[in-house]
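A structural walkthrough
The lines below spell out each chain.
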Amino acid sequence: MINKELFFSFLDENYPDAHCELTYKKDYEFLIAVMLSAQTTDKSVNKATDILFSRYKNLEQLANAKLEDVEDCIKLLGMYKVKAKNVIGIAKELIKVGGVVPNDPDFLVTLPGVGNKTKNCVLAEIYKEPFIAVDTHVQRISKRLGICKNNDSVETMEKKLVKFIPEDRLIKTGHQIIWFGRRMCKAQSPSCENCKLCGFCKK
Ligand code: SF4
């Protein structure tokens, strides 16, 4: 398994300012953006939400939007028809609880299209709660570096990562691993020749 100190100092040296790359202005915009990001890039989501939130300025407008119009705003995304339904569904449910995204994990996973990963992202980003979203980059890198096993479930991986990473840097480290995965430790053709972690890597 990767040496903790080496791993964290590598991440801090290379990705000191890692942060979520989804753009948003309001809490519900972030939640919807994360839901929309399933199986697509943050860049595409930012384009889609720019159009969506320019057309619908608040939750009431989104809740009352025509499905076809929401589909039209986000049609550059994969699964846009299902995602458009989820956008309207989320807006309706959030209005029922006062129009804010509550700091309530149990409630969040009841929202349409919102699973454990989205819930973790939202609580970490909006409420700075110590959660990590085990996305494709986090899964790949934690396996390559021996923090998790190849056959671990996502739930098991999350538990292992929470144990491995100190709580006070869990949110930051989550972002740093994603940046590392997007920029260097890519799924195909990672830049191993420049990687100081290669001595610990199983790839
Ligand atoms: S050696 Fe290559 S595959 Fe391994 S962690 Fe570094 S970049 Fe990723």
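All values reported here derive from a predicted model rather than from experimental measurement. (Residues numbered from 1 in each chain as written. Predicted model: local features only at pLDDT ≥ 70, side-chain atom pairs only at ≥ 80, totals over all residues. Heavy atoms only, no water.)

So, the packing of helix H2 (residues 27-36) against helix H3 (residues 42-55)
Helix-helix packing is characterised by the crossing angle of the two axes and by the distance between the axes. Threshold: Axis definition: a line fitted to C-alpha atoms, over the contacting stretch in the case of helices. Angles run 0 to 180 degrees between N-to-C directions. Helix and strand definitions follow DSSP, with helices as H or I runs of at least four residues and strands as E runs of at least two, each counted in order from the N terminus. Any angle that is under 35 degrees is reported as roughly parallel, and any over 145 degrees as roughly antiparallel; angles of 65 to 115 degrees are reported as roughly perpendicular and all others as oblique. Crossings are sorted by hand: turned counterclockwise from the far helix by less than a right angle, the near helix makes the crossing left-handed, and turned clockwise it makes it right-handed. Any two residues having at least one pair of non-hydrogen atoms within 4.5 Å are treated as being in contact.
Their axes nearest at 10 Å, the elements H2 and H3 cross at an angle of 135°. It follows that H2 is oblique to H3 by the angle criterion. The two elements H2 and H3 cross, and the hand of that crossing is right-handed. Across the interface between the two elements, Tyr28, Glu29, Ile32, Ala33 and Leu36 from H2 touch Val45, Thr49, Leu52 and Phe53 from H3.

Digging into the packing of helix H9 (residues 136-144) against helix H11 (residues 170-183)
The test is simple: Throughout this entry, Asp, Glu, Lys and Arg are counted as charged residues, while Ala, Val, Leu, Ile, Met, Phe, Trp, Tyr, Cys and Pro are counted as nonpolar. The remaining residues, Gly among them, count as polar.
One way to put it is that H9 packs onto H11 with a least axis distance of 8 Å and a crossing angle of 85°. Taken together, the axes of H9 and H11 are roughly perpendicular relative to one another. Residues His137, Val138, Arg140 and Ile141 of H9 pack against Gly174, Ile177, Ile178, Phe180, Gly181 and Arg182 of H11. Taken together, the residues of the contact of H9 with H11 break down into five nonpolar, three polar and two charged.

Comments concerning the site of the ligand
Under the convention used in this document: Whether a residue is near a molecule or strand depends on its heavy atoms: if one lies within 4 Å, it is near.
Taken together, Arg144, Leu145, Phe180, Cys185, Pro190, Cys192, Cys195, Cys198, Cys201 and Lys203 form the complete shell of residues around the ligand. When its residues are assigned to classes, the shell around the ligand shows eight nonpolar, no polar and two charged.

Here's the deal with H3
The α-helix advances 3.6 residues per turn, and as a result positions three or four apart in sequence lie on the same side. As a reminder, the rule being used: Here a helix's expected span is defined as the number of its residues, less one, multiplied by 1.5 Å. Residue exposure (1.4 Å probe, protein chains only): buried if accessible area is under 20% of the type maximum, exposed if over 50%, otherwise partly exposed.
In a regular helix each residue adds 1.5 Å, so 14 residues correspond to 20 Å; H3 covers 20 Å between its end C-alpha atoms and thus fits that length. Within H3, burial applies to Asp42, Ser44, Val45, Asn46, Ala48, Thr49, Leu52 and Phe53.

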